[in-house]
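Here is how the chains run, residue by residue.
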Amino acid sequence: NEPPLVRLARDHFGAALTETDAKFFASVAGNDWADFRESNDAVYDAESPSSWDKSPVLKADRISWLCSDPQAAKMIPHRGIWLRGVRLEGNLDLYRIDAPISFTFYDCLISEGLNIAHAKLQELDIRNSCTAAISARGVQIAENVYLLNSAVFGGLDFIDAQVLGDFDF
């Protein structure tokens, strides 16, 4: 009874697919938040990465694969990827990806940063999160960029970026 996206991920990642991964892919397929908070009132401090010590780990390459594999990418609802209360392990590398979807990260630790250089995205919304450097040189974003109540250690590079909506941070 798994959604087709979860089966496709299971075929791709095999035994390396974790319970957290399966929940993430099922949430994306269901057009819903992938919410990994212990409770609705869980508190994270964007300036303190240790706030996420007890949060589940999602490997960043899961999101990269989801957006770059042609079969998987077709299964992402137009609303996009909504992720909350998780530690992303590894660099979230979406370099040159053409993903006309929104990426929403609330209460997340993106431990090794985000690379969206020369990518095409619908929207980027990062709130109350902590991340290493964000490389967004030459990115094209059709709507908004929100980096609200978040800490970015290592800087932002939005040189030559095109953001057609609001850019709030």
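What counts and how
- Residues numbered from 1 in each chain as written.
- Predicted model: local features only at pLDDT ≥ 70, side-chain atom pairs only at ≥ 80, totals over all residues.
- Heavy atoms only, no water.
- Phe/Tyr/Trp six-rings, centres within 6.5 Å; stacked < 30°, edge-to-face > 60°.
- Helix = DSSP H or I, 4+ residues; strand = E, 2+ residues; numbered from the N terminus.
- Buried < 20%, exposed > 50% of the residue type's maximum accessible area, 1.4 Å probe, protein only.
- Contact = heavy atoms within 4.5 Å.
- Polar contact = N/O pair within 3.5 Å; in protein donor to acceptor, adjacent residues only side chain to side chain.
- Salt bridge = Lys/Arg side-chain N within 4 Å of Asp/Glu carboxyl O.

(A) Looking closely at the packing of aromatic side chains. Applying the stated rule across the entire model yields nine aromatic pairs. Residues Trp33 and Trp82 carry aromatic rings whose centres are separated by 4.7 Å and whose planes lie at 75° to one another, so their mutual orientation is edge-to-face. Of the two residues, Trp33 is situated in the loop between helix H2 (19–29) and strand E1 (34–35) and Trp82 in strand E3 (residues 81–84); the sequence distance between them amounts to 49 residues. Look at Trp82 and you get partly exposed, because its relative accessible area is 23%. Both rings, one in Tyr44 and one in Trp52, keep their centres 5.2 Å apart while their planes meet at 15°; by these two values the pair is stacked.

(B) Region of the structure containing the side chain of Thr20. As for its position among the elements, Thr20 is in helix H2. Judged by relative accessible area, which is 16%, Thr20 ranks as buried. Thr20 has contacts with Phe36, Pro56, Val57 and Leu58, leaving out every residue within four places of it along the chain.

(C) Geometry of unusual backbone geometry. Phi at Arg96 is positive, roughly 60°, even though this residue is not glycine. Although it is not a glycine, Asp107 sits at a positive phi angle of roughly 55°. Residue placement: Asp107 occurs in the loop between strand E6 (98–106) and strand E7 (109–110).

(D) Local environment of H2. Of the residues making up H2, those classed as buried are Thr20, Asp21, Ala22, Phe24, Phe25, Ser27 and Val28. Its side-chain oxygen placed 3.4 Å from the backbone nitrogen of Thr20, Thr18 serves as the N-cap of H2. With its phi angle positive at about 60°, Asn31 sits one or two positions after the end of H2.

(E) View of the pattern of salt bridges. Scanning the model with the defined rule gives seven salt bridges in all. Each member of the salt-bridge network shares a partner with another, and the members are Asp21, Asp61 and Arg62.

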